[in-house]
Amino acid sequence: MNASEFIIRTIENLTEENPYIKCVYEYDNFDLTHYVKITPKEFFDINGELFTGEEGILKEFVSRFPKEGLLFFSEDDEIELDNPIYKREGIYYQKALNSHKNVS
Amino acid sequence: MFVLKIKSEESYKAGEILQNNSLFASSIHAYYYSCLQLMLYILMKIFGKTQEDIDEESKNKSFHNWIINIFHSEFLKNDGLRATRFYTKIQKLKKYRIDADYKNVEISESKSITACNITNEILKLLQEDYLI
């Protein structure tokens, strides 16, 4: 399994375990770094920093792919992905998005 | 004599001066390198690596990911949460630096301020763990 396959498998697991989230994945070949944007921002902790399980994912990633980098981030992080190579929504993501829109 | 710690302090000050003069993209570059230079200082002063060791071990790799991953492993020995916080912050700042240096995107004042805040957090994590 290469790093991209690891990331895609991780996204599949995250969106199955958390069906109200969406993940967008981009790989920067110049910097050998994988970027995964996760929405909504409420998936992350109160500081908008980490999510449950991130520690284990990063630990495994760094140990298996020591030449590469990985960043999970959310919509508040002022990072745009220009060329995503993979997207996946949990089965309740659209429903959660619509109910959030209706409330606000 | 390890001048990298002084270089790190100078890069941080350069970041502030550049930010105060509305040179936001360049400020992010300086903030990122203030972290990288402090990490290199710790590698040499605390871990005892020579320049030759660093050149050899980082050969044929992304130098930035190589050094970030070394520090992630070192933080992990004591505290997994601090390791994750350090890793995420430095990867985020690295992405800001790539956007600031190479991408055809405008860099706002708010992004420069966020980069400064992330830098402060990274430097604090390093200073606390390595008592420097």
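Residues numbered from 1 in each chain as written. Chains lettered and ligands numbered in written order. Predicted model: local features only at pLDDT ≥ 70, side-chain atom pairs only at ≥ 80, totals over all residues. Heavy atoms only, no water.

### So, a nonpolar patch on the surface
All names here are of chain A. The grouping of Tyr20, Ile91 and Tyr92 at the surface amounts to a nonpolar patch, some 350 Å² of accessible area in total. Within the secondary structure, Tyr92 sits in the loop between strand E4 (86-89) and helix H3 (93-103). By relative accessible area, Tyr92 is classed as partly exposed at 44%. (Patch = residues over 30% accessible without salt bridge, like charges linked within 9 Å, V, L, I, M, F, W, Y side chains within 5 Å. Areas by Shrake-Rupley, 256 points an atom, 1.4 Å probe, with all protein chains shown as cover. Salt bridge = Lys/Arg side-chain N within 4 Å of Asp/Glu carboxyl O. Helix = DSSP H or I, 4+ residues; strand = E, 2+ residues; numbered from the N terminus. Buried < 20%, exposed > 50% of the residue type's maximum accessible area, 1.4 Å probe, protein only.)

### Observations concerning the nonpolar core
Residues Ile38(A), Phe71(B) and Leu126(B) are the most contacted members of the largest nonpolar core, which totals 66 residues. At 13 residues, helix H2 (residues 24-45) of chain B tops the list of elements feeding residues into this core. With near-sequence residues (within four places) excluded, Phe71(B) lies in contact with Met39(B), Ile42(B), Leu43(B), Phe47(B), Phe86(B), Leu126(B) and Tyr130(B). (Core = buried A, V, L, I, M, F, W, Y, C linked by side-chain atoms within 4.5 Å. Contact = heavy atoms within 4.5 Å.)

### Here we look at the packing of aromatic side chains
Enumeration according to the criterion identifies 18 aromatic pairs over all chains in this entry. Seen from their ring centres, Phe6(A) and Phe65(A) are 5.7 Å apart, and the 65 degrees between their planes marks the pair as edge-to-face. Here Phe6(A) is found in helix H1 (residues 3-17), whereas its partner Phe65(A) is found in the loop between helix H2 (54-64) and strand E3 (69-73), with 59 residues between them in sequence. Each member of the pair, Phe6(A) as well as Phe65(A), carries the same accessibility label: buried. Aromatic pair Phe44(A) and Phe51(A): ring centres 5.7 Å apart, planes at 85 degrees, arrangement edge-to-face. Just as Phe44(A) is buried, Phe51(A) falls in that class too. Cluster of aromatic residues (ring-pair linked, three or more members): Phe47(B), Phe71(B), Phe75(B), Phe86(B) and Tyr130(B). Between Lys95(B) and the ring centre of Tyr35(A), over which it is positioned, the NZ or CZ distance is 4.8 Å. We note Lys111(B) situated over the ring of Tyr96(B); from NZ or CZ to the ring centre the distance is 4.8 Å. (Phe/Tyr/Trp six-rings, centres within 6.5 Å; stacked < 30°, edge-to-face > 60°. Lys NZ or Arg CZ within 6 Å of the ring centre and 35° of its normal.)

### Quick notes on the pairing of strand E2 (residues 33-39) of chain A
Residues and elements named next belong to chain A. Most of E2 is tucked away: six of the seven residues are buried. Pairing of strand E1 (residues 22-28) with E2, which is carried by seven bridges, proceeds in the antiparallel orientation. Looking across to E2, one finds that Lys22 is bridged to Thr39. Connecting the antiparallel pair E1 and E2 is a turn made up of four residues, with Leu32 showing a positive phi of about 50 degrees. (Pairing = 2+ DSSP bridges.)

### Observations regarding unusual backbone geometry
For the bond from Thr39(A) to Pro40(A), the omega torsion is 0 degrees, close enough to zero to count as cis. Within the fold, Pro40(A) resides in the loop between E2 and H2. Within the chain, Glu78(A) stands out as a residue other than glycine whose phi angle is a positive 55 degrees. Position of Glu78(A) among the secondary structure elements: in the loop between E3 and E4. In this structure, Ser22(B) takes a positive phi of about 65 degrees despite not being glycine. Along the chain, Ser22(B) falls in the loop between helix H1 (4-20) and H2.

### A short note on the interface of chain B and chain A
By a widespread convention, an interface's size corresponds to the accessible area lost as its parts come together. Counting residues at the interface gives 26 residues for chain B and 26 residues for chain A. Of the roughly 2300 Å² buried where chain B meets chain A, counting both sides, 55% is carbon and sulfur surface. Where chain B touches chain A, the interface holds four salt bridges. Two residues, Asp31(A) and Lys94(B), come together in a salt bridge whose shortest N-O distance is 2.4 Å. Taken together, the links from chain B to chain A amount to 15 residue pairs in polar contact (both at pLDDT 80 or more). Mapped onto the side of chain B that touches chain A, the elements with two or more residues apiece are helix H4 (63-76), helix H5 (80-102) and helix H6 (109-130) of chain B. (Buried area = accessible area lost by both parts, 1.4 Å probe. Polar contact = N/O pair within 3.5 Å; in protein donor to acceptor, adjacent residues only side chain to side chain.)

### Examining the pattern of salt bridges
Residue and element names in this part refer to chain B. Enumeration according to the criterion identifies 19 salt bridges over all chains in this entry. The salt bridge partner of Asp99 is Lys111, with a shortest N-O separation of 3.6 Å. With a gap of twelve residues between them, Asp99 in helix H5 and Lys111 in helix H6 connect regions that are remote in the sequence. Lys111 carries the same exposure label as Asp99, and that label is buried.

### Observations concerning the side chain of Arg82(B)
Residues and elements named next belong to chain B. By the element assignment, Arg82 lies in helix H5. Given a relative accessible area of 18%, Arg82 falls into the buried group. In this structure the side chain of Arg82 is engaged in a polar contact, spanning 3.1 Å, whose partner is the side chain of Glu128. If near-sequence neighbours (up to four positions away) are discounted, Arg82 is found in contact with Phe75, Leu125, Glu128 and Asp129.

Without other data, these values stay purely geometric and don't point to any function.
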